[in-house]
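Now for the letters of each chain:
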Amino acid sequence: MTDLLTAEMTTLDLPWEPDRARLRRERGARLRTTMADKGIDALILLANANVSYATGTTWPLSDAGRGNVERPVAVVLADDAQPHLFTPFVDDAAGELGLDADHLHGPTYLDLAEGVTAFGKVLADLVPGGATIAIDELTGAMHHDRTALLPDWPPRPASEVMSAVRLTKTTDELACLRRALWISEQAMAEIQADLVPGARQTDLTATYLHRVFDLGAEANVLDPIWQVMPKFQAELPWTVHGDIACPLISTERRLEKGDVLWVDSGISYQGFHSDFGRTWVVGEEPTARQQAQYERWAAINDAVVAVMRAGVAASDLTAAAAEVCGGERPWMDHFYLGHGLGLDSAEAPYVGTDLGDAYDHRLVLPAGTVIVLEPVVWDEGHSGYRSENVYVITEEGSVNLTDYPYAPYGD
Amino acid sequence: MATEALPDPPALRRGRRRRLLDAMEAHDLDVLVLGRVANIRYASGVPILWNAGTRPFGPGCIVVRATDEVFLLSTWDEGVPEEIPHDHLYGITWNPMNYVSLLEDIAASARPHRVGTDAMSPLFAQLLPMAFGEAEIVDAGPALRAARRTKTSEEIKAIRAAIDVAEDALAVAVGELRSGGTERELTASFMDAMASLGITTPATQDVVRVTSPGAATEPRGGRTVREGDLVSFDAGVVADGYAGEVGRTWPADLDEASPAVLDLYRRSDELWDRLLDACRPGAPASALLDAYVAAGEPLPATPVARGIGLGFDDPVIVRDLPETAAAETLDPGVVLVVTGVVSESAVGSIVTHEVILITPEGPEMLTSSPFWHREHAGAPS
């Protein structure tokens, strides 16, 4: 980790513009060190976020249907300072990444047998026989041709390396993240200021998309959620586990006065994803009962933040939250109390999942880890409250990267 | 889009399910384990919350051929059709052994010999044999492509509806084109217009490119449009799961084009005459590559044609996959996005995307957005 997160830190002095060359250099060093530690000679990466991490390339992410075919792919060799990038966006990548020409390849089509064969030929030239290869994912066509591509089956998972290197963030990565959050927050402030009964959920999305692109977002990464939370759980869809159904897809439903809105969104800036979560009330001030929900939420959040510092176990966070609630776990059963954030909208570490307390006890969070806390207060008969804040864990405690008020509930 | 998230219409679901089961039978697959969003929607008919980018492989949907059952990863029943009962839904889990238990239960009654998946990961390469025992785990790609590559009439209806949104949103963005604006502002206009039409999910977010020389020195997305610049728009949306797309290139603030620009539009028209001629029912898809060669235009590195439906489909016709192109036939019911690109280094590029349905009688153009050069006096028609 950088020297940024020192014991005295209470705020982070992040640059407005990340230093992209330094970002790539620091990631490359981490990757190769970790590959050496794990005894992995070559990484083949297909997942969008892993390719971005390994090469520094970012692009406006498309719908998954198109993204599966127009897909940049990375090959990283432990003894080569430069990654190999196969991309349909060669001209963009050439200008921004500083890769040697022999490391920048045209697009590869791994969904198709002929594409896999061609990729296999290039791979055979890059990776010496007998090398230990790890991979994150295979297309169906790669799975079919696996004996030619990957001599050892099942292959080593690339997550052995990628989870380790992506866990803590560098200064420049945090700068990207902060900028992504800022873009999202600016757009949300305008929407909240104009929030009136009669607007459709999709109208809010229209304004949101317009503003985030104007403000410099590379892409939208989540169809924004403006979920109207009813008073009673029974008014929500049936669920497999008996907990509340959330998040539900936005539609052309029109908002009404007094609707409690759970808002959730994410955009990307230079590959980094934002996460925004707040509760709003349409056209009204919260009732005293709703205000009390927020205060309970704040007490839970404060209790977790109070124990959050480098070296804390995930189970310490869940215990702090549960203690405020008499032992009940104040988050949705199908999610978690908190999750990581970076090149994916939700990524490791996950705190408070169905992996259980023993897993959370072993999960220790180092300085530089980003955690999005999303406790939930459900008050049957009176709806509920949910907000999200993005924290960076430091030696001394944590720093809240989210800069958005709790209006109309609090400041 | 409606005011609640609904399952796909019954006729659409029935038509797809029939094709999927037929393809499973033809490819001798007893069970499908699907992880890709488009395949999950094809099999289940359930709308899925949209995220940008690829998703890691995991069992999002399981299809059992013998009983025509679908099991679905969905923590709630919103948008779930009647043929998928509550006990066939399973929730999100972080513990992979929960997937093994689920698949073991399915395997215990289905007793499959061959299980097909649409992708694979090192983790599931270990877990699937644990769940399915002796069954062979194979690539379901050929079966899925066989089902999806030609479209039912209900699917074509859905594609047409998506194209309508893409074309209306494109018209708004083109209306905002003027020198001094940026790629990003035009993209913002497109996204706003799309969402205002009730569709909030783009197929691509690489919407606007200034193609004229000099633009490439500025970072992608932030390039400023100058008078006379050729600006290409790739307008793609995903409406009710189906992609609709159209692409046009317009010059900024230009009433009268230079001879060089007019010549580029002429070359584009000549290329398109040949591309349309190649879209004959029964023709090899490689005819589309040949059209570029015959027109004397260099083939781009990206696909000149690709199937469209729930995202990308077969065929994918691209310069670097000549055998694939030669083996593919343009059968009636195939819906293609065909791309025409012509470039001149001193001028820029004209990029055009059209959606073409192959019918028994010939190609039917599903896109109808206007072209600059056919709208303006002094331009060739």
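Keep in mind that what you see is a predicted model, and the values were worked out from it rather than measured. (Residues numbered from 1 in each chain as written. Chains lettered and ligands numbered in written order. Predicted model: local features only at pLDDT ≥ 70, side-chain atom pairs only at ≥ 80, totals over all residues. Heavy atoms only, no water.)

Thoughts on the environment of L123 of chain A
Position of L123 of chain A relative to the elements: it lies in helix α5 (residues 113-126). The contact partners of L123 of chain A, leaving out residues within four places of it in the chain, are I44, V75 and L149 of chain A. (Helix = DSSP H or I, 4+ residues; strand = E, 2+ residues; numbered from the N terminus. Contact = heavy atoms within 4.5 Å.)

Examining the interface of chain B and chain A
Listed as interface residues are 81 residues of chain B and, on the opposing side, 78 residues of chain A. Buried surface at the junction of chain B and chain A, both sides included, amounts to about 6600 Å², of which 60% is carbon and sulfur. Taken together, the links from chain B to chain A amount to 3 salt bridges. Remark: the boundary between chain B and chain A carries 30 residue pairs in polar contact (both at pLDDT 80 or more). Going through the elements one at a time, β4 (89-90), β6 (119-120), α4 (122-132), β7 (136-139), α7 (183-196), β9 (230-239), β12 (311-317) and α10 (322-327) of chain B are the ones with two or more residues in the side of chain B that touches chain A. In terms of residue count, α7 of chain B provides more of the side of chain B that touches chain A than any other element does, 10 residues in total. By residue class, the composition of the side of chain B that touches chain A is 35 nonpolar, 25 polar and 21 charged. Note that strand β6 (residues 138-139) of chain A and β6 of chain B share 2 bridges and pair antiparallel. (Buried area = accessible area lost by both parts, 1.4 Å probe. Salt bridge = Lys/Arg side-chain N within 4 Å of Asp/Glu carboxyl O. Polar contact = N/O pair within 3.5 Å; in protein donor to acceptor, adjacent residues only side chain to side chain. Nonpolar A, V, L, I, M, F, W, Y, C, P; charged D, E, K, R; others polar. Pairing = 2+ DSSP bridges.)

Looking at the confidence of the model for chain B
Should pLDDT be low for a region, the predicted coordinates there are not to be read in detail. Looking at chain B as a whole, the pLDDT averages 95, with 98% of positions reaching at least 70. Interface scoring of the predicted complex returns ipTM 0.96; its pTM is 0.96. (pLDDT = per-residue confidence, 0-100.)

Brief notes about the side chain of T402 of chain A
Residues and elements named next belong to chain A. Its location among the elements puts T402 in the segment after β20 (398-400). Among the residues examined, T402 registers a relative accessible area of 12% and is labelled buried. Looking at T402, its side chain comes within polar contact range of the main-chain nitrogen of V390, at 2.8 Å. Leave out the neighbours within four places in its chain, and T402 touches E185, R278, E388, N389 and V390. (Buried < 20%, exposed > 50% of the residue type's maximum accessible area, 1.4 Å probe, protein only.)

A word on unusual backbone geometry
A cis amide bond links W153 of chain A with the next residue in sequence, P154 of chain A, at an omega value of -5°. In this model, A348 of chain A is joined to P349 of chain A through a cis peptide bond whose omega is 0°. Backbone geometry at Q270 of chain A places phi at a positive 45°, although glycine is not the residue there. Considering the arrangement of structural elements, one finds Q270 of chain A in the loop between β9 (260-269) and β10 (272-273). The phi angle at D240 of chain B is positive, at roughly 50°, despite the residue not being glycine.

Observations concerning empty space enclosed by the protein
Applying the stated rule across the entire model yields 9 cavities of 30 Å³ or more. Approximately 360 Å³ is the volume attributed to the largest cavity. Around the largest cavity, the lining is made up of 22 residues, and of these D111 of chain A together with R36, R145, R148 and F312 of chain B lie nearest the centre. Taken together, the elements giving at least two residues each to the lining of the largest cavity come down to α6 (140-144) of chain A together with α2 (37-44), α5 (141-148) and β12 of chain B. Residue composition of the lining of the largest cavity, by class: 8 nonpolar, 6 polar and 8 charged. Considered as a void within the structure, the second largest cavity measures approximately 90 Å³ in volume. Around the second largest cavity, the lining residues are A64, N68 and E137 of chain A together with G35, R36, V37, R55, P56, F57 and A119 of chain B. (1 Å grid on protein atoms, 1.4 Å probe; cavity = no way out; pocket = protein on both sides within 12 Å on 5 of 7 lines; lining within 4 Å. Points joined across faces, edges and corners; volume = space filled by probe spheres on them.)

Describing the sheet that holds strand β5 (residues 133-135) of chain A
Hydrogen bonds along the backbone pair up the strands of a sheet, which may run parallel or antiparallel. All names here are of chain A. Ordered in space as β4-β3-β2-β1-β5-β7, the 6 strands form an open sheet in which the pairing is mixed. Either end of the sheet is taken by a strand with one partner, and the two such strands are β4 (104-105) and β7 (156-157). Sheet analysis places β5 next to β7, joined by 2 bridges and oriented parallel. In the strand pairing of β7, A134 is matched with R156. Across the sheet, helix α2 (residues 48-55) is in contact with β1 (42-45), β2 (73-77) and β3 (84-86); its angle to β2 comes to roughly 45°. (Axes fitted to C-alpha atoms, helices over the stretch in contact; angles between N-to-C directions.)

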